[in-house]
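# Residue-level structural notes
Given next are the chains, with one letter for each unit.
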Amino acid sequence: MLRRLKSLVTTQSTAGQRGVAAIEFALAMPLMMFTIVAGMELVNQALARQVGSRMAASAADLTARYRKRVDETDINKVIYGLQLSNQLTNSKTKGRLIITSVIQNAAKNGLEIAWQRCDGTLSVASKFGKQGKGATDTSLPDVAGLVALASENILLAEYYYD
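One numbering rule holds for all chains: residues counted from 1, following each sequence as written. Predicted model: local features are reported for residues with pLDDT of at least 70 only, side-chain atom pairs are reported and counted for 80 or more only, and whole-chain, interface and lining totals are derived from all residues. Derived side-chain values reflect all non-hydrogen atoms in the structure, with water molecules and hydrogen atoms excluded from consideration.

### Considering the pairing of strand S1 (residues 95-104)
Rule in force here: Here the term buried applies to any residue with accessible area under 20% of the maximum for its type, exposed to any over 50%, and partly exposed to those in between, with areas from a 1.4 Å probe on protein chains only. Helical segments are the DSSP runs of H or I of at least four residues, strand segments are the runs of E of at least two, and each set is numbered from the N terminus. We call two strands paired when DSSP finds no fewer than two bridges between them.
Across the 10 residues that make up S1, a large majority, eight, are buried. Alignment of S1 against strand S3 (residues 154-161), held across eight bridges, turns out to be antiparallel. Bridge pairing in S3 places Arg96 opposite Tyr160. Both S1 and strand S2 (residues 111-119) contribute to a ladder of eight bridges, which runs antiparallel. Note on S2: the bridge partner recorded for Ile103 is Glu112. Taking the residues between adjacent antiparallel strands as the criterion, S1 and S2 are bridged by six residues, where Lys108 takes a positive phi near 60°.

### So, the nonpolar core
As a reminder, the rule being used: In this description, a nonpolar core means a group of buried Ala, Val, Leu, Ile, Met, Phe, Trp, Tyr and Cys residues linked to one another through side-chain atoms lying within 4.5 Å. Note on contacts: a residue pair qualifies if any of its non-hydrogen atoms lie within 4.5 Å across the two residues.
One finds Ala59, Leu82, Leu97, Ile99, Trp115 and Tyr159 to be the most contacted residues of the largest nonpolar core, which totals 13 residues. Every element with two or more residues in this core is listed here: helix H1 (2-64), helix H2 (72-85), S1 and S3. Leave out the neighbours within four places in its chain, and Ile99 touches Ala59, Thr63, Val78, Trp115, Gln116, Arg117, Leu156 and Ala157. Judged by nonpolar contacts, the second largest core, of nine residues, contains Leu111, Leu140, Ile154 and Leu156.

### What to know about the environment of Gln83
Mapped onto the elements, Gln83 comes out in helix H2. Under the relative-accessibility criterion, Gln83 is labelled partly exposed at 37%. For Gln83 and Met55, which are 28 residues apart along the polypeptide, the C-alpha to C-alpha distance reads 9.3 Å. What Gln83 contacts, discounting residues up to four positions off in sequence, is Lys92 and Asp119.

### Some thoughts on the sheet that holds S3
Operational definition: For helices, the fitted axis covers only the stretch in contact; all axes are lines through C-alpha atoms, and the angles between them, taken along N-to-C directions, range from 0 to 180 degrees.
In spatial order, the strands read S2-S1-S3; together these three strands make up an open sheet with antiparallel pairing. Two strands bound the open sheet, and with one partner strand each, they are S2 and S3. Adjacent strand axes in the sheet meet at a mean angle of 20° when their direction is disregarded. Each of S1 and S2 touches H2; the most contacted strand, S2, lies at about 50° to it.

### With respect to unusual backbone geometry
Phi at Lys108 is positive, roughly 60°, even though this residue is not glycine. Along the chain, Lys108 falls in the loop between S1 and S2. In this structure Lys108 comes out as exposed when scored by relative accessible area, which is 56%.

### Considering the side chain of Glu112
Under the convention used in this document: We count Lys and Arg on the positive side and Asp and Glu on the negative side, and we leave His and both chain ends out. Each reported salt bridge corresponds to a side-chain nitrogen of Lys or Arg within 4 Å of a carboxyl oxygen of Asp or Glu.
Turning to its location among the elements, Glu112 is positioned in strand S2. It turns out Glu112 is buried and unbridged, and the closest side chain with the opposite charge, Lys108, is 10.0 Å from it. If we skip the residues at most four places from it in the chain, Glu112 touches Ser101, Val102, Ile103, Asn105, Lys133, Gly134, Ala135 and Leu140.

### With respect to the side chain of Gln116
For the record, the criterion: Residues adjacent in sequence count toward polar contacts only when both atoms are side-chain atoms; beyond that, a polar contact is any pair of N or O atoms within 3.5 Å, and within protein one must be able to donate a hydrogen and the other to accept it.
Considering the arrangement of structural elements, one finds Gln116 in strand S2. Look at Gln116 and you get buried, because its relative accessible area is 14%. Looking at Gln116, its side chain comes within polar contact range of the side chain of Thr100, at 3.2 Å. Among the polar contacts made by the side chain of Gln116, one reaches the side chain of Ser126 at a distance of 3.5 Å. Apart from the residues lying within four places of it in its own chain, the contact partners of Gln116 are Ile98, Ile99, Thr100, Ser126, Gly129, Lys130 and Gln131.

Printed below as a string of structure tokens:
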């Protein structure tokens, strides 16, 4: 009798432990799934930011390697090259690349945005301003801490991705 009672208690406690484990798993599963999905989204955001940063640096570097005068054809070649090497497949519709040329203004008391070229349909403006800013005033004393001398040209590239 004692042996049978001991067997019955052991069977009930094992079944109870399995039930508790199943309930604990059911309660912990949403938290685990949220953590995994949030981690994947953070990695995706970091990758997009890194690719965007590399694209902006490449755009400025490729544009600066051209001869003294850069025309529309040269900029189109740079943008086309960046599109070929781009790792973000939807950057044309969800991103915007802005290449800006900054020179010393005619009054030599500040900087002027000589030209800007853009690619992508994301609606965002350059953080440096529009083409022509600083041409007749001192509204653009420096750009990101850089000041251009009379014969220098500062090339800036910005990449925005949504």
